[in-house]
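# Per-entry structural report
Residue-level listing of the chains:
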Amino acid sequence: MSKTSFSSKTSDQEHDPGSGSFNGVSATELRVFSRRKRLKETLKPKTHLPKNLPVLPDIEEFAYKKSNGSASSRKSQAALDALGDGVVSPVRPRGEEPAHWERALEGIRKMRSSEGAPVDTMGCEKAGSALPPKERRFAVLVSSLLSSQTKDHVNHGAIQRLLENDLLTADALDKADEATIKSLIYPVGFYTRKASNLKKVANICLTKYDGDIPSTLEELLLLPGIGPKMAHLVMNVGWDNVQGICVDTHVHRICNRLGWVSRPGTKQKTNTPEQTREALQMWLPKEEWVPINPLLVGFGQTICTPLRPRCGECTISEICPSAYKETSSLPLKSKKSGSSKRLS
């Protein structure tokens, strides 16, 4: 038998302390074997995570789910709790509020109270305000559909023309000629496509909801031409059911200028209104979810405008990280263009 092989029979090969071998294996070989075993154990990766750690759900599971303790949210929260305080996250934890947000919000409220804005009298939520509840809900839905890429006063004019021609109900729009609808809503943005979508929406509301509108966020999002911003507004105004913040281009722009939102895992600005909504809902108290839209929309129409924001008139410019940054280059551009004209 070779010296390096092992045998299960030990009766005829007992260990002799003075012989320097055990079952035919020398002491030197045993020491080498022991060192290799210890080395393998040392190289094994060790993890300190708790046992039975719940699996985090995929991000798709959170899409348009209510936040009242669903199974996926409970699982994710349990997983975060299990990780404990020893895990350092490179991003802002869920629920952490940005600095000075309450002071900024109060400052915006004061500025808005001293100056009116188009949204105050012509916003989507004002559509059909004198109509019965069912008809008003449909009017708000129509106004929301027409509002994308359209200024408030243009959208308000289109709604008024539809109302004056008795075309602000599902039954009337379903029976109306598409060319007539198109002429009445012009010049809203993409009026041809919106006229077609209005016919489709009217037919769906008539056949599936008895002339009313869908009462859930998921069903509203299935309607042609209705996106998250519009669906949340309709739920808030039409059904008094707050499931999310209505974020349009003004809210999206201002929240990024104030540093209130960022893309997940980064400090970079959000790219879309939907990203802004998700980031804003992580920390903004729910009682602010409805008033934040008309508040910031009006602020964006009067002070914090898309081009040349009036930072000099803004009372919160000292705590705004974007103050004067978007206007500082304008004089330089004008000087440069003036010098180029002189050279030519």
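Above this note sits the structure.
Only a predicted model underlies this, so the values are computations on that prediction, with no experimental measurement involved. (Residues numbered from 1 in each chain as written. Predicted model: local features only at pLDDT ≥ 70, side-chain atom pairs only at ≥ 80, totals over all residues. Heavy atoms only, no water.)

A word on the overall build of the chain. The secondary structure content of the chain amounts to 15 helices and two strands. A buried classification covers 37% of the 344 residues belonging to the chain. Pairs at least 24 apart in sequence give 60% of the contacts found in the chain among residues at least 6 apart. For the chain, the accessible surface area stands at approximately 21,000 Å², while carbon and sulfur atoms represent 55% of it. (Helix = DSSP H or I, 4+ residues; strand = E, 2+ residues; numbered from the N terminus. Buried < 20%, exposed > 50% of the residue type's maximum accessible area, 1.4 Å probe, protein only. Contact = heavy atoms within 4.5 Å. Areas by Shrake-Rupley, 256 points an atom, 1.4 Å probe, with all protein chains shown as cover.)

Further remarks concern the packing of aromatic side chains. Counting across every chain of the model gives three aromatic pairs. Their ring planes at 85 degrees and their centres at 4.9 Å tell us that Tyr186 and Tyr191 sit as a pair that is edge-to-face. Consider the rings of Trp260 and Trp283, whose centres lie 5.6 Å apart with planes at 85 degrees: the pair is edge-to-face. Here Trp283 lies in the loop between α13 (273–280) and α14 (292–302) and Trp260 lies in the loop between α12 (249–257) and α13, a separation of 23 residues in the sequence. For the pair Trp260 and Trp283, a shared accessibility class is recorded, and that class is buried. (Phe/Tyr/Trp six-rings, centres within 6.5 Å; stacked < 30°, edge-to-face > 60°.)

Take the packing of helix α5 (residues 133–147) against helix α11 (residues 228–238) next. Where α5 meets α11, the closest approach of the two axes is 10 Å, and the angle between their N-to-C directions is 155 degrees. In terms of orientation, α5 lies roughly antiparallel with respect to α11. The handedness of the crossing between α5 and α11 comes out as right-handed. The segment α5 lies against α11, with Arg136, Arg137, Val140, Leu141, Ser144, Leu145 and Ser147 engaging Lys229, Met230, Leu233, Val234, Val237 and Gly238. Taken together, the residues that form the contact of α5 with α11 break down as seven nonpolar, three polar and three charged. (Axes fitted to C-alpha atoms, helices over the stretch in contact; angles between N-to-C directions. Parallel < 35°, antiparallel > 145°, perpendicular 65-115°, else oblique. Left-handed = near helix turned anticlockwise from the far one by under 90°. Nonpolar A, V, L, I, M, F, W, Y, C, P; charged D, E, K, R; others polar.)

Further remarks concern the nonpolar core. In terms of nonpolar packing, the biggest core is built from 39 residues, with Leu141, Val142, Leu146 and Ile185 touching the most fellow members. For this core, the elements supplying multiple residues, two or more each, are α5, α6 (152–164), α7 (170–175), α8 (178–185), α9 (191–209), α10 (217–220) and α11. With sequence-adjacent residues up to four places away left out, Leu141 is seen in contact with Val201, Cys205, Ile213, Leu220, Leu223, Ile226 and Val234. Formed by 32 residues, the second largest nonpolar core is a distinct cluster that contains Leu105, Trp289, Ile292 and Leu295. (Core = buried A, V, L, I, M, F, W, Y, C linked by side-chain atoms within 4.5 Å.)

Right, let's talk about the packing of α12 against α13 for a bit. α13 packs onto α12 with a crossing angle of 60 degrees between their chain directions and a minimal axis gap of 9 Å. Accordingly, the angle class assigned to the pair α12 and α13 is oblique. Pair α12 / α13 crosses with left-handed handedness. Taking contact as the criterion, the partners of Val251, His252, Cys255 and Asn256 in α12 are, on α13, Pro273, Thr276 and Leu280. A class-by-class count of the residues in the contact of α12 with α13 yields four nonpolar, three polar and no charged.

So, on to the pattern of salt bridges. As enumerated under the stated definition, the model contains nine salt bridges in all. With its nearest N and O atoms 3.3 Å apart, the salt bridge here joins Lys175 to Asp171. Pair noted here: Lys175 and Asp171 are both in helix α7, with a separation of four residues, about one helical turn. Lys175 sits in the exposed class, given a relative accessible area of 64%. (Salt bridge = Lys/Arg side-chain N within 4 Å of Asp/Glu carboxyl O.)

Let us now look at empty space enclosed by the protein. According to the stated counting rule, one finds one cavity of 30 Å³ or more in the structure shown. Taken together, 16 residues line the largest cavity, and the ones lying closest to its centre are Cys304, Pro309, Cys311, Cys320 and Ala323. Among the residues making up the lining of the largest cavity, the classes are represented as eleven nonpolar, two polar and three charged. (1 Å grid on protein atoms, 1.4 Å probe; cavity = no way out; pocket = protein on both sides within 12 Å on 5 of 7 lines; lining within 4 Å. Points joined across faces, edges and corners; volume = space filled by probe spheres on them.)

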